Amino acid sequence: MLACGRKLFAKIHKQKHYAHANHDVHLMAREIDEWMPQGINAMIDGRYTPRFLKRHYFSDEVVDQLYLSDRIFQHILLQQLKPTFSFVMNPNCYHLQGPSGVKTATQRIKQVLEEKRPQYIIRADIKSFYKSIQHCKLIEDIKAHYDDPNVQANLTEIIVNPIETPNGYKNPDHGIALRGPLSQFFSGLFLKPLDDAFDSMDVTYIRYQDDILILCPTKRSLNRCKRRMMDVLQERGLSLSSKKTRIGTIEKGFHFLGIHYPGTRPLDNTNMTQVDDLDINQTDFAHNSNSLGRGGDKSANGEHRSALTHIVPHARTLRKAREQVQQMVKSGVSPRRITSYLNRWAFWWVRTSEKWQYIELLKWFTTACWDGACSSIAYGLIHKYQLNAGTESDPAKVPLTAV
């Protein structure tokens, strides 16, 4: 535990190395041998009491900030709780896997669309989820799944932690810190009844934080899922966002976690445009179709169905990346850092989708840009990638991180 805390603090101290001389991080670095062992011993004994949260008001959001030492201690506590996730949490709760959870959820959705071909969808978003979590119910869930009284005491103190505001101190009975190390853990535990409610149903249920996706084969199962979901949310004191929730057929497609998926089509309805986009020639496609009609092998079946699933980035995904680059340019960030951010963004999505190409994704980004500065950065990355690919016998083997 002490080694884990020192490693995290060293990373934070490196990021804030050039902070003001009176910043708390410098004092904590000098006295790390005092406050860190004391805090770890307090957690072991169940006596850990975090400092007050500090609330900051911005034009578009309100942020509750943890003190630096509490951030480290809660990170250590999270590492101790992670081995219990496989026994406590539902496997359909993908955000507990970290950023790789997006990739795992994407793979599962593609597999279900290609194999089960559902016809109905529930794409739901919980309204003000983190702000609506009731402390009393969350504490009851902790006591129901964790028998250690010290763990219960530590987590209870973190949940009911008062908030320091410009107008005084507040002791709310609901809401948790959005950017805290344990926020993902609390959200997974609080909605565990919803995750467990669909285990016995013949549907595909996926949740990532407050985003819920349910793929249903029939309209009857859709109505059953809707009633069951609303019953659990009502019991948890939550409600759905009307603007971000969609319940109905899947014909026109849907989007989830930044990716747009096509609608489910009948098996005999082939779209040659999508097949061409995947670089599959017409002869091979016809051969696979004939094999399906004659009860061909499973590999041909899989190739045919995968050709019908052509995912693309959702417009909001490209817009967020464009706005981030625009803000960095406006703030005077160095071109090297902006290029590094855009390269890492494209590389992450290439690995997550497992279908998009690096240049293809950057071209989608430039299409969504009307700002010349943002487009020029993307074109520069495309040019560098093409130059590196020209020096390799196989362009697919070019390391993206070297761009």
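Residues numbered from 1 in each chain as written. Predicted model: local features only at pLDDT ≥ 70, side-chain atom pairs only at ≥ 80, totals over all residues. Heavy atoms only, no water.

## Some thoughts on the side chain of Thr 106
Relative to the elements of secondary structure, Thr 106 occurs in helix H6 (residues 100–115). Here Thr 106 falls in the buried class, since its relative accessible area comes to 1%. Residue contacts for Thr 106: discarding those within four places in its chain leaves Ile 259, Tyr 261, Ile 311 and Thr 352. (Helix = DSSP H or I, 4+ residues; strand = E, 2+ residues; numbered from the N terminus. Buried < 20%, exposed > 50% of the residue type's maximum accessible area, 1.4 Å probe, protein only. Contact = heavy atoms within 4.5 Å.)

## Thoughts on the confidence of the model for the protein chain
This prediction gives the protein chain a mean pLDDT of 84; 85% of its residues lie at or above 70. In the predicted structure, residues 266–308 sits below a pLDDT of 50 and forms 41 contacts with residues beyond four places in sequence or in another chain. (pLDDT = per-residue confidence, 0-100.)

## Things to note about the side chain of Arg 322
Following the sequence through the fold, Arg 322 ends up in helix H16 (residues 315–330). The side chain of Arg 322 is buried and forms no salt bridge, while Glu 323, the nearest opposite charge, is found at 4.4 Å. Look past the residues within four positions of Arg 322 in its chain and what remains in contact with it is Phe 365, Ala 368, Cys 369, Trp 370 and Cys 374. (Lys, Arg positive; Asp, Glu negative; His and termini not counted. Salt bridge = Lys/Arg side-chain N within 4 Å of Asp/Glu carboxyl O.)

## Focus: the environment of Ser 187
Examined against the element boundaries, Ser 187 turns out to sit in helix H10 (residues 183–190). Considered as a pair, Ser 187 and Gln 209 are 22 residues apart in the sequence and their alpha carbons are 6.6 Å apart. If we skip the residues at most four places from it in the chain, Ser 187 touches His 95, Phe 129, Tyr 130 and Arg 207.

## What to know about the sheet that holds strand S2 (residues 62–65)
One open sheet accounts for four strands, arranged S2-S1-S4-S5; its pairing is mixed. Each edge of the sheet is formed by a strand with only one pairing partner; in this case those strands are S2 and strand S5 (168–170). Taken pair by pair, the neighbouring strands of this sheet meet at an average axis angle of 30°, ignoring direction. Bridging between strand S1 (residues 53–57) and S2 involves four bridges; their strand directions are antiparallel. Along S2, the bridge assignment pairs Lys 54 with Gln 65. (Pairing = 2+ DSSP bridges. Axes fitted to C-alpha atoms, helices over the stretch in contact; angles between N-to-C directions.)

## Some remarks on the pairing of strand S7 (residues 211–216)
Within S7, six of the six residues are buried, which leaves the element mostly enclosed by the surrounding structure. Neither face of S7 is exposed, since Asp 211, Leu 213 and Leu 215 on one face and Ile 212, Ile 214 and Cys 216 on the opposite face are all buried. Here strand S3 (residues 120–125) runs beside S7; their pairing, made up of six bridges, is antiparallel. From the neighbouring strand, Arg 123 faces S7, where its bridge partner is Leu 213. One ladder, built from five bridges, connects strand S6 (residues 204–208) with S7; its direction is antiparallel. Looking at S7, one finds that Ile 206 is bridged to Leu 213. Linking two consecutive strands that pair antiparallel, namely S6 and S7, is a turn of two residues; a positive phi of about 60° is found at Gln 209 within it.

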